[in-house]
Amino acid sequence: MAVQVDVLIVGAGFGGLRSLHTFRSMGLSVVALEASEAIGGVWNFNRYPGARCDVESYDYSYRFSEELEQDWRWSERYATQPEILSYINHVADRFDLRKHVELNTCVSRAAFDEASGRWIVESDDGRSWNAGKLILAVGQLSTPKATKYPGQDSFNGRIIYSAQWPKDAPDFAGKRVAIIGTGSSGVQMTPVIARVAAHLSVFQRTANYSIPAANAPVSEEEDLEVKANYRARREAARNSPSGLGFVPNGKSALEVSDEEREAAFETAWNRLGFGFALTYKDILLDQTSNDTASEFICRKIAEQVDDPDVREKLTPKGFPFGTRRPSVDSGYFQTFNRSNVTLIDISESPITCFTQSGIRTSTSDHDFDIIIYATGFDAFTGSLLKPDIVGRNGVTLREKWSAGPTSFLGLGVNGFPNMFIIVGPGSPSLLSNVLLSSEEQIDWLANLFEYCRAREINEIEVTAEAEREWVAHVNERAQETLYLKTPSYYLGAEMPGKPRVFMPYSGGVRGYRRFLEKEAETGYEGMTLSRSDRQAVA
Ligand SMILES: Cc1cc2nc3c(=O)[nH]c(=O)nc-3n(C[C@H](O)[C@H](O)[C@H](O)COP(=O)(O)OP(=O)(O)OC[C@H]3O[C@@H](n4cnc5c(N)ncnc54)[C@H](O)[C@@H]3O)c2cc1C
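Residues numbered from 1 in each chain as written. Predicted model: local features only at pLDDT ≥ 70, side-chain atom pairs only at ≥ 80, totals over all residues. Heavy atoms only, no water.

Draft legend 1. Representation of the sheet that holds strand E15 (residues 365-367). Spatial strand order, E13-E14-E15: three strands in an open sheet with antiparallel pairing. Edge positions in the sheet fall to strand E13 (351-354) and E15, since each has one partner strand and no second. Between one strand and the next, the sheet's axes are offset by a mean angle of 20°, whatever the strand orientation. Two elements, strand E14 (residues 358-361) and E15, share three bridges in a ladder whose sense is antiparallel. Within the sheet, the bridge partner assigned to Ile359 lies in E15 and is His366. (Pairing = 2+ DSSP bridges. Helix = DSSP H or I, 4+ residues; strand = E, 2+ residues; numbered from the N terminus. Axes fitted to C-alpha atoms, helices over the stretch in contact; angles between N-to-C directions.)

Laid out in C-alpha cells, this is it:
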C-alpha cells in the first residue's frame, strides 16, 4: 500500500532538509527519501582528509532561522567536513526533521500518474509512495565518476574513492599513497596526506588554477561582527553574482593601471579565495582581462614551487582561469617542494593499468599501499538521470534530456507536472554558493505552492514555450562568457558520451532571482496552473 504524502523529497542533503522544513512549516505532509545511511549528502560522503567548504562558512549556512544563525559558532573561515556535517545534524535535531526522513531508501522510479495527477514513487526495496508534488534534491555532485583502470582488481593494496570515503579509512602514516586527480578534492587532500605518508604520488592530467584559502580560525570579534550584521551580509550575498558574502568590483581589469590591478589581485589573492574571480567584473567575460588574472596566478604558482620542471607541470595552460572550477587550497603548491611528494604528469605518460603492486603508466611502474581516486563526478545530471523518472505519455527524463537538460528556471520541466528540481541544471547551481541558491528556490517554491493553494490549483507544469525561451537565455548568457572555451564539467565534458551542453545559469544569483521574481509577479505566466478534480488541493 503506497504511503500518501503531499510532498515527496528525494535526497536529504542541504537542499532536501531545507525543503522538508519549509514545506512541513506550510502544514503539508512531507517525506524525504535518502539513499544513504545518513543525512548530509556530499558532506556525509566526502570525508577525505582536508575536505572543507570553499565558500566562507558564514555564507555557506542556512539563512532561514535567525536564531540558528546566532547560536551556531563556526570555528574556521572555511569549515571542515566534520564541522559542516555536525551543523547539518544539529539543524536536523533542532528542527525535528529526522522523523520525516527515510534513510537507506533509494528511489528507483517515479512516474506521473495521469489518472490521479500524482506521482507514484518507488524505492529499490519495493516500497512505494503516492505524492502530490515531487521535489528532486538529489544533488549536483552526488554521483562520483566510476573510474576504473584495467587490472584494478589485481591490486593488492587498498583503493579508495574520495567521494565515497570509508568510515574505516586507513592511517596513511608510513604508507606509499597515490592520488589520481587534481580537482578540488585532490587539491584539498594532497597537503594533508603528504604530511603523514611515507611517500605521496599525485597523478595529474590537467594543471588547474588554485587560490589560497587564507583559512583561519574565526575570532570572537569576527563572530560577533558577522552576527551583528548578518542580515546585511545575507543581502549582499543575494545581490552578488555568485552568492558570496562580499561585493565584487564593478570595474574592468583593463580600465585600471597595471599597478592598481596588481595591488587588487594581491589583496584578492591574500583574502578572497574563490572570490578572486570577482576582483574585476569581466575576468570571466573577456579574454584579455582574464589573461591578466591567469598570468598573475601563474606567477604566484611559480613563486611557490622550487623545482623548475615541477613548476612547469603545475602551471595551468591552454584555458582561461575560472572556466574549469578553480580550487581553493591550503598549501597545495608548496607541498610539491617536499622530498616525499612526486608529481606524475599523466597527460604525458597516461596510466595504462593497475598492477598487483601499484600503477603502470606508459613510461614507468609505481608501487603503492593505497590508491585514492579523486577523479570527480558525473556533475549536474548524474543523480537526476539514475532513477526512471517518467512524465506524461510515458516519456522519461532520460529521453527528454537525451540532447542535454532543458527546464524553465532550472526548476521545472515541461511534460513533468508537479515535479521540481533543486539547484539543477539551468539554475546558478555550481556557479554559485549552492546553499544560497537552493534556499532561494525553495522559498520561491513555497510562495508558488501557497499561491496555488489559495486558488485551489493542484497541477503545475512549466509550458513548452517558457522552457524553450529559458534554454535559449541560458545559452545566450553562456555565450557571453569564456566558459565555452574549456571542456569542463559545466559543459558535460567530464563524462564520455555526455551531451556537450552548458548546464548552469551563468547570469548570476541576482540576475536569476529577478527572473524568479518576475515569474511570480506575472502570476506564473511560464506555467500552466490548473485545477484538476483528480486530486485534492494540498
Ligand atoms: C567536497 C565538496 C565540497 C563542496 N564545497 C562546496 C562549497 O564550498 N560551496 C558550495 O556552494 N558548494 C559546494 N559543494 C557543492 C555541494 O554539492 C552543495 O553545496 C550542496 O551540499 C548540495 O546539497 P544538495 O542537498 O543539493 O545535494 P547533496 O548534498 O548531493 O545531497 C543529495 C542527496 O540525495 C541523495 N540521492 C540522490 N539520488 C537519490 C535517489 N535516487 N534516491 C534517494 N536519495 C538520493 C544522495 O544520496 C544525497 O544524500 C561541494 C561539493 C563537494 C562534493
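Draft legend 2. Quick look at helix H4 (residues 81-94). Between its terminal C-alpha atoms H4 stretches 20 Å, which fits the 20 Å expected from 14 residues at 1.5 Å a residue. For H4, every residue scored as buried is listed here: Gln81, Glu83, Ile84, Leu85, Tyr87, Ile88, Val91 and Ala92. Those residues of H4 that are buried are in contact with helix H1 (14-25), helix H2 (42-45) and helix H3 (66-71). Residue Asp96 follows H4 closely and has a positive phi angle near 55°. (Expected span 1.5 Å × (residues − 1). Buried < 20%, exposed > 50% of the residue type's maximum accessible area, 1.4 Å probe, protein only. Contact = heavy atoms within 4.5 Å.)

Draft legend 3. Representation of the site of the ligand within the structure. As a matter of local geometry, the ligand sits amid 33 residues, with Glu34, Asp54, Tyr60, Gln140 and Val434 nearest to it. Take Asp54: an N or O atom from its main chain is 2.6 Å from an oxygen atom of the ligand. Burial of the ligand by the protein chains amounts to 94% of its free accessible area of 990 Å². Those elements that place two or more of their residues in the shell around the ligand are H1 and H2. (Near = heavy atom within 4 Å. Polar contact = N/O pair within 3.5 Å; in protein donor to acceptor, adjacent residues only side chain to side chain. Areas by Shrake-Rupley, 256 points an atom, 1.4 Å probe, with all protein chains shown as cover.)

Draft legend 4. Broad picture of the packing of aromatic side chains. Inspection of every chain in the model, using the stated rule, returns 44 aromatic pairs. Where Phe265 meets Tyr280, the ring centres are 5.8 Å apart and the plane angle is 85°; that geometry is what we call edge-to-face. Taken together, the residues span a long stretch of sequence, with Phe265 in helix H8 (residues 258-271) and Tyr280 in the loop between H8 and helix H9 (287-304) at a distance of 15 residues. By relative accessible area, which is 1% here, Phe265 ends up buried. Residue Tyr280 is classed as buried on the basis of its relative accessible area, which comes to 1%. Judged by centre distance (6.0 Å) and plane angle (75°), the ring pair of Trp269 and Phe296 falls under edge-to-face. With a gap of 27 residues between them, Trp269 in helix H8 and Phe296 in helix H9 connect regions that are remote in the sequence. Taking relative accessible area as the criterion, Phe296 reaches 1% and is therefore assigned buried. Every member of this aromatic cluster is reached through a ring pair, and the members are Phe14, Trp43, Tyr60, Tyr62, Phe64, Trp72, Trp74, Tyr87 and Phe95. (Phe/Tyr/Trp six-rings, centres within 6.5 Å; stacked < 30°, edge-to-face > 60°.)

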